[in-house]
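What follows is the residue order along each chain.
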Amino acid sequence: MQRTLFITKDGIEKEAVLTMEGPRPDPYAGWACDWKCDIIHPQVKTVHGSDEMSALYYCLNCIGAFIRNMEAFGYKTRYEMDGDCGGFDFGNPVSDDSSSH
């Protein structure tokens, strides 16, 4: 799977492609998902879980945590709008109108 993100650093916005693969069986650690994102994390990062769902869950949360942590280094990442953490803003409070979704 791929998602185009918009990353701003020092006032300059660039497009970056985030790629995620998996979940896949891992002979040493149950299940695994791999992700990378040019500009902010071009090396493949592998995240493990005990089953397919946990590998996917941990991978998505790892991506979100990484994007939030990159803000300390001056990187702002968005998918659709400023502040959405590239669409990986899990665990953040939801607005009052969320019940309509």
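Please read all numbers here as calculations on a predicted model, not as lab measurements. (Residues numbered from 1 in each chain as written. Predicted model: local features only at pLDDT ≥ 70, side-chain atom pairs only at ≥ 80, totals over all residues. Heavy atoms only, no water.)

## Side note on the overall build of the protein chain
Link 1 in the chain: A count of helices and strands for the protein chain gives 1 helix and 5 strands.
Link 2 in the chain: The order of helices and strands in the protein chain, counted from the N terminus, is β-β-β-β-α-β.
Link 3 in the chain: Sorting the 101 residues of the protein chain into buried and exposed places 31% on the buried side.
Link 4 in the chain: Once local pairs closer than 6 in sequence are excluded, the contacts in the protein chain between residues at least 24 apart make up 36%.
Link 5 in the chain: Accessible surface for the protein chain amounts to roughly 6,600 Å². Of this, 53% is attributable to carbon and sulfur atoms. (Helix = DSSP H or I, 4+ residues; strand = E, 2+ residues; numbered from the N terminus. Buried < 20%, exposed > 50% of the residue type's maximum accessible area, 1.4 Å probe, protein only. Contact = heavy atoms within 4.5 Å. Areas by Shrake-Rupley, 256 points an atom, 1.4 Å probe, with all protein chains shown as cover.)

## Remarks on the side chain of R78
Link 1 in the chain: Relative to the helices and strands, R78 resides in strand 5 (residues 75-78).
Link 2 in the chain: Here the side chain of R78 touches E13 through a polar contact of 3.2 Å, side chain to side chain.
Link 3 in the chain: Residue contacts for R78: discarding those within four places in its chain leaves L5, F6, E13, D84 and G86. (Polar contact = N/O pair within 3.5 Å; in protein donor to acceptor, adjacent residues only side chain to side chain.)

## Examining the sheet that holds strand 1 (residues 2-9)
Link 1 in the chain: Strand order in the open sheet formed by 5 strands is 4-3-2-1-5, with antiparallel pairing between adjacent strands. One side of each edge strand has no neighbouring strand; the edge strands of this open sheet are strand 4 (41-49) and strand 5. Direction aside, the axes of adjacent strands within the sheet are offset by 25° on average.
Link 2 in the chain: With 8 bridges connecting them, strand 1 and strand 2 (residues 12-26) associate as antiparallel partners. Of the residues in strand 2, the one forming a bridge with L5 is A16. (Pairing = 2+ DSSP bridges. Axes fitted to C-alpha atoms, helices over the stretch in contact; angles between N-to-C directions.)

## So, the pattern of salt bridges
Link 1 in the chain: All told, the structure shown has 5 salt bridges when counted by the stated rule.
Link 2 in the chain: Here K9 makes a salt bridge to D10, at a shortest N to O gap of 3.9 Å.
Link 3 in the chain: Ionic pairing is found between D26 and R24, a salt bridge with its closest N-O pair at 3.8 Å.
Link 4 in the chain: Judged by relative accessible area, which is 14%, D26 ranks as buried. (Salt bridge = Lys/Arg side-chain N within 4 Å of Asp/Glu carboxyl O.)

These figures capture arrangement, not role.
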